[in-house]
Amino acid sequence: MEDFWVEFVEITQSVSDGLLFGSTYALIGIGFTLIFGTMRKLNMAYAAASIAGAYAGLAMLAFVDAPAIIVFLASALASGAIGYAVYVVCFRFIPVDNPLAALMTTIGALFFIDEVIIHATNASPMAYPAIFDDVMIDIPPYSVRGDLLFVFLVGLLSMLVLLFVLYRTRLGLATRAVSQQNIAAQLCGIDVHKTNAQTFVVAGVLGGVAGAMTAASVGVLSPLMTLPLTVKGLIVTVIGGLGSIPGAIVAGLMVGAFENVFLYLRGVNERDMYVLLLLFVFLVFRPNGIFGKSIDRD
Amino acid sequence: MDYYLGLAQTIGIHTLLGLSAYVLMLTGQLSLAQAGFFAIGAYTAGILTVLFQWTILPALVAGALVAGFFAFLIGFPALRVRGLMLVVATIAFSEFVRLFFFNLSWRETIDNVEVGPDSTQGFREIRFFSANGWEVWEVTLFVWFFVIAVMAGLWWMDRSRAGAVLRAVGEDELAAQSVGLNLTAVKVAAMTVGGVIAGIGGALYAHTATYIDHLTFTVLLATFAIAYPILGGLSSVFGTLAAVVFIQGILIEGLRFLGDWRNVLFGLLIILVMNLKPRGIFDARTALLIKRIFAVHRGNRGDA
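Residues numbered from 1 in each chain as written. Chains lettered and ligands numbered in written order. Predicted model: local features only at pLDDT ≥ 70, side-chain atom pairs only at ≥ 80, totals over all residues.

Here's the deal with the overall build of chain B
For step 1, the next point in the chain: For chain B, the helix and strand inventory stands at 13 helices and 3 strands.
For step 2, the next point in the chain: For 304 residues, the compact-globule formula gives about 19 Å, and the C-alpha radius of gyration of chain B, at 20 Å, lands near that figure.
For step 3, the next point in the chain: Considering only C-alpha atoms, chain B reaches an extent of 70 × 45 × 35 Å along its principal axes.
For step 4, the next point in the chain: Counting across all 304 residues of chain B, residues that qualify as buried make up 48%.
For step 5, the next point in the chain: Contacts in chain B between residues at least 24 apart in sequence constitute 78% of all its contacts with a sequence separation of at least 6. (Helix = DSSP H or I, 4+ residues; strand = E, 2+ residues; numbered from the N terminus. Rg over C-alpha atoms; globule rule 2.2 N^0.38 Å. Buried ≥ 20, exposed ≤ 12 C-beta atoms within 10 Å, placed from the backbone. Contact = placed C-beta atoms within 7 Å.)

A few points about the overall build of chain A
For step 1, the next point in the chain: Regarding its fold elements, chain A presents 11 helices and 4 strands.
For step 2, the next point in the chain: Relative to its length of 298 residues, chain A is compact, with a C-alpha radius of gyration of 19 Å against a globular reference of 19 Å.
For step 3, the next point in the chain: Taking the principal axes of its C-alpha atoms as reference, chain A extends roughly 65 × 50 × 35 Å.
For step 4, the next point in the chain: Counting the 298 residues in chain A, one finds 52% classified as buried.
For step 5, the next point in the chain: Counting only contacts in chain A whose residues sit at least 6 apart along the sequence, the fraction spanning at least 24 positions is 75%.

A word on the interface of chain A and chain B
For step 1, the next point in the chain: Taken together, the contact between chain A and chain B spans 38 residues of the former and 34 residues of the latter.
For step 2, the next point in the chain: Looking at the side of chain A that touches chain B, the elements that each hand over two or more residues are α3 (68-90), α4 (99-121), α9 (226-240) and α11 (268-285) of chain A.
For step 3, the next point in the chain: Looking at the side of chain A that touches chain B residue by residue, the class counts come to 29 nonpolar, 5 polar and 4 charged. (Nonpolar A, V, L, I, M, F, W, Y, C, P; charged D, E, K, R; others polar.)

Considering the packing of helix α6 (residues 136-159) of chain B against helix α9 (residues 183-209) of chain B
Helices that pack against each other are described as a pair by the angle of their axes relative to one another and the distance between those axes.
All names here are of chain B.
For step 1, the next point in the chain: The contact between α6 and α9 brings their axes to 11 Å, and the two run at 175°. Relative to α9, the element α6 is oriented roughly antiparallel. Of α9, the residues touching α6 (which contributes V139, V143, F146 and V150) are I197, I200, L204 and T208.
For step 2, the next point in the chain: The residue inventory of the contact of α6 with α9, partitioned by class, reads 7 nonpolar, 1 polar and no charged. (Axes fitted to C-alpha atoms, helices over the stretch in contact; angles between N-to-C directions. Parallel < 35°, antiparallel > 145°, perpendicular 65-115°, else oblique.)

Regarding unusual backbone geometry
Residues and elements named next belong to chain B.
For step 1, the next point in the chain: Located in the positive-phi region is Q53, a residue other than glycine, with phi close to 60°.
For step 2, the next point in the chain: Take Q53: it is sitting in the loop between α2 (34-50) and α3 (56-78).
For step 3, the next point in the chain: Given 11 C-beta atoms within 10 Å, Q53 falls into the exposed group.
For step 4, the next point in the chain: Here N112, not a glycine, exhibits a phi torsion of approximately 65°, which is positive.
For step 5, the next point in the chain: Looking at where N112 falls in the secondary structure, it is placed in the loop between β1 (108-110) and β2 (113-117).

So, the pairing of strand β3 (residues 142-145) of chain A
All names here are of chain A.
For step 1, the next point in the chain: Looking at chain direction, strand β2 (residues 136-139) and β3 are connected through 4 bridges and run antiparallel. Pairing of D138 across the sheet is with S143, part of β3.
For step 2, the next point in the chain: Here β2 hands over to β3 after 2 residues, the two strands then running antiparallel side by side. (Pairing = 2+ DSSP bridges.)

Observations regarding the confidence of the model for chain B
Residues and elements named next belong to chain B.
For step 1, the next point in the chain: Summarising the model, chain B shows a mean pLDDT of 87, and 96% of its residues fall at 70 or more.
For step 2, the next point in the chain: Ranking the elements of chain B by mean pLDDT puts helix α13 (residues 284-303) last with 65 and α2 first with 95.
For step 3, the next point in the chain: Interface scoring of the predicted complex returns ipTM 0.86; its pTM is 0.88. (pLDDT = per-residue confidence, 0-100.)

Considering the environment of A:P228
Residue and element names in this part refer to chain A.
For step 1, the next point in the chain: Among the structural elements, P228 can be located in helix α9.
For step 2, the next point in the chain: The exposure class assigned to P228 is partly exposed, which follows from the 14 C-beta atoms found within 10 Å.
For step 3, the next point in the chain: For P228 and V86, which are 142 residues apart along the polypeptide, the C-alpha to C-alpha distance reads 20 Å.

A few points about α4(A)
All names here are of chain A.
For step 1, the next point in the chain: Its 23 residues place the ends of α4 33 Å apart at the C-alpha level, agreeing with the 33 Å of an ideal helix rising 1.5 Å per residue.
For step 2, the next point in the chain: Summarising burial for α4: 17 of the 23 residues are buried, a large majority.
For step 3, the next point in the chain: Looking at the residues trailing α4, positive phi occurs at N122, about 55°. (Expected span 1.5 Å × (residues − 1).)

A few points about the packing of helix α1 (residues 2-39) of chain A against helix α8 (residues 192-218) of chain A
Residues and elements named next belong to chain A.
For step 1, the next point in the chain: At a minimum axis distance of 9 Å, the contact between α1 and α8 shows a crossing angle of 165°. Relative to α8, the element α1 lies roughly antiparallel. Between α1 and α8 lies a crossing of left-handed hand. For the pair α1 and α8, contact is made by F21, T24, L27, I28, I30, G31, L34, I35, T38 and M39 and by N196, T199, F200, A203, L206, G207, V209, A210, M213, T214 and S217, respectively.
For step 2, the next point in the chain: When its residues are assigned to classes, the contact of α1 with α8 shows 13 nonpolar, 8 polar and no charged. (Left-handed = near helix turned anticlockwise from the far one by under 90°.)

A word on the sheet that holds β1(B)
All names here are of chain B.
For step 1, the next point in the chain: Strand order in the open sheet formed by 3 strands is β1-β2-β3, and the pairing between neighbours is antiparallel. Looking along the sheet, the strands with just one partner apiece sit at the ends: β1 and β3 (123-124).
For step 2, the next point in the chain: Here β1 pairs with β2 via 3 bridges, running antiparallel. Bridge pairing links T109 to E114 in β2.
For step 3, the next point in the chain: Its contacts with the sheet place α2 against β2 and β3, and it is angled at close to 160° to β2.

Things to note about helix α12 (residues 261-276) of chain B
For step 1, the next point in the chain: With 16 residues, α12(B) should cover 22 Å at 1.5 Å per step; its first-to-last C-alpha distance of 22 Å lies within 8% of that length.
For step 2, the next point in the chain: Along α12(B), the residues classified as buried are B:F266, B:G267, B:I270, B:I271 and B:M274. For α12(B), the buried positions fall inside an angular range of 125° around the axis, keeping them on one side. Facing away from the buried side of α12(B) by more than 90 degrees, the exposed set consists of B:W261 and B:L276.
For step 3, the next point in the chain: Buried residues in α12(B) make contact with α3 and α4 of chain A together with α10 (219-232) of chain B. (Arc of directions from axis to C-beta.)

This is the structure:
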């Protein structure tokens with residue numbers, strides 16, 4: 001009975017830590033889903049751009065001694081700028097009806113960003129600042145890591161800001177119009193290219209926050225983080241349902257909790273295999289994800 | 001000389017990899033699972049020759065069949081989704097296979113040496129060729145025997161009803177369905193054939209490289225697999241071969257003096273090519289142009 005109780009506490013503790021960290025996956029998932037929603041295309045370079053943004057924020061420390069919060073902000077802004085560059089290079093001149101060509105260009109951009117990071121840092125991990133990493137909130141028998149709580153709150157705040165932008169501003173109105181019917185939106189005088197570019201910047205800023213928060217909670221930044229984050233982001237997007245923002249939020253938290261439980265049960269080497277199995281379960285039983293709508297969307 | 005033979009082996013193996021993606025691409029589907037099938041073929045054949053002391057040919061066939069079997073298995077759930085969703089599903093499959101071999105440890109002592117896959121340390125000492133005294137040129141010939149066999153098989157298939165069926169599904173699924181084609185059967189068959197071809201490639205790779213580890217089979221390898229047919233176009237198997245020669249022979253070997261910057265260039269090259277030619281270098285228009293140029297030559301010769 002005693003053993004069972006200890007085990008139960010450990011697992012629920014893993015779930016809560018995972019839920020908190022899952023907010024970064026939710027942000028990445030939202031980014032993928034936003035771009036898919038407006039353009040019906042996948043941006044494979046998205047997570048790489050987020051990590052690159054975090055690196056850019058870190059690079060700022062080499063010149064000025066800034067507090068961590070400024071580094072986070074710089075990361076988000078840099079990632080937004082990279083998002084714009086990715087749009088121009090990988091999407092702007094690709095025919096609208098050719099999602100596979102855009103897929104290839106963004107995979108190219110993924111490798112390009114990855115390799116540039118590897119060259120700039122000699123592939124060695126770098127320390128990333130964190131906030132509240134010395135705070136521990138104890139609610140016996142549980143304890144909550146202060147930095148993870150901060151990550152969660154930042155994630156929550158970013159989502160609220162995003163929802164505000166989407167539903168209360170003209171930019172959001174244009175974005176939603178383009179994602180619903182881009183030709184009709186064009187007929188109404190909306191500049192589709194401009195709207196798409198703005199969506200990329202918004203998604204990029206969101207990704208930058210996610211990249212910064214991931215690095216802050218792990219404590220280091222490494223080029224090895226881009227591919228796993230890409231795969232996790234894609235999994236979250238698919239499980240949540242392509243194009244669904246609430247779906248991405250729920251799926252992000254779910255994947256975070258799920259992987260953390262398996263981290264506790266099976267160790268770090270096997271953890272990701274179970275996350276992938278979760279994706280397969282969804283592909284077999286609910287290929288359209290939690291909140292996916294149409295059957296034939298691809 | 002050995003250097004060029006080694007390069008020929010690499011080109012042959014990557015051609016098999018590209019052709020495995022080519023088959024499924026004919027049906028209009030893009031799969032990044034090829035790295036997974038390649039890994040399954042490599043590890044299966046490697047384990048059979050090293051731990052079970054099989055000779056190369058049965059081990060290679062077994063590797064190809066196991067890879068094909070897994071392609072068949074994942075074909076059903078994966079092909080329920082299409083296009084971009086399939087891309088995500090197949091990336092997930094490749095990653096799963098990679099992580100499986102990352103965790104696989106199967107060590108046995110054979111002839112007083114401990115051999116076999118050693119999880120994070122990789123799978124070393126796959127020395128069938130050198131242990132049995134194969135010369136480099138013999139190995140190269142062995143590799144190219146399979147490359148030519150697969151190319152001939154696919155070339156022939158393309159001219160048979162099977163090729164027409166694959167292309168019909170690729171052109172318009174609705175039209176193909178309405179003339180009575182079973183879409184799932186066609187796609188799963190293409191996936192299986194692709195798996196077998198990738199398995200052969202993987203088995204050859206494991207034995208020519210003598211060392212494999214999970215980092216060989218990342219999304220990068222899967223991207224190479226689809227980049228060849230995309231660059232080479234889908235009009236014939238020779239496009240894929242030309243793309244492999246171009247990328248492996250000219251870009252990667254020819255630019256060796258650039259060192260690690262080659263990898264940066266690879267990303268940029270993909271972006272550039274897809275921006276200029278979204279449907280591949282040898283797209284339908286270019287293929288027609290080439291055909292016309294040759295037709296003109298032939299015509300001239302006829303006149304003279």
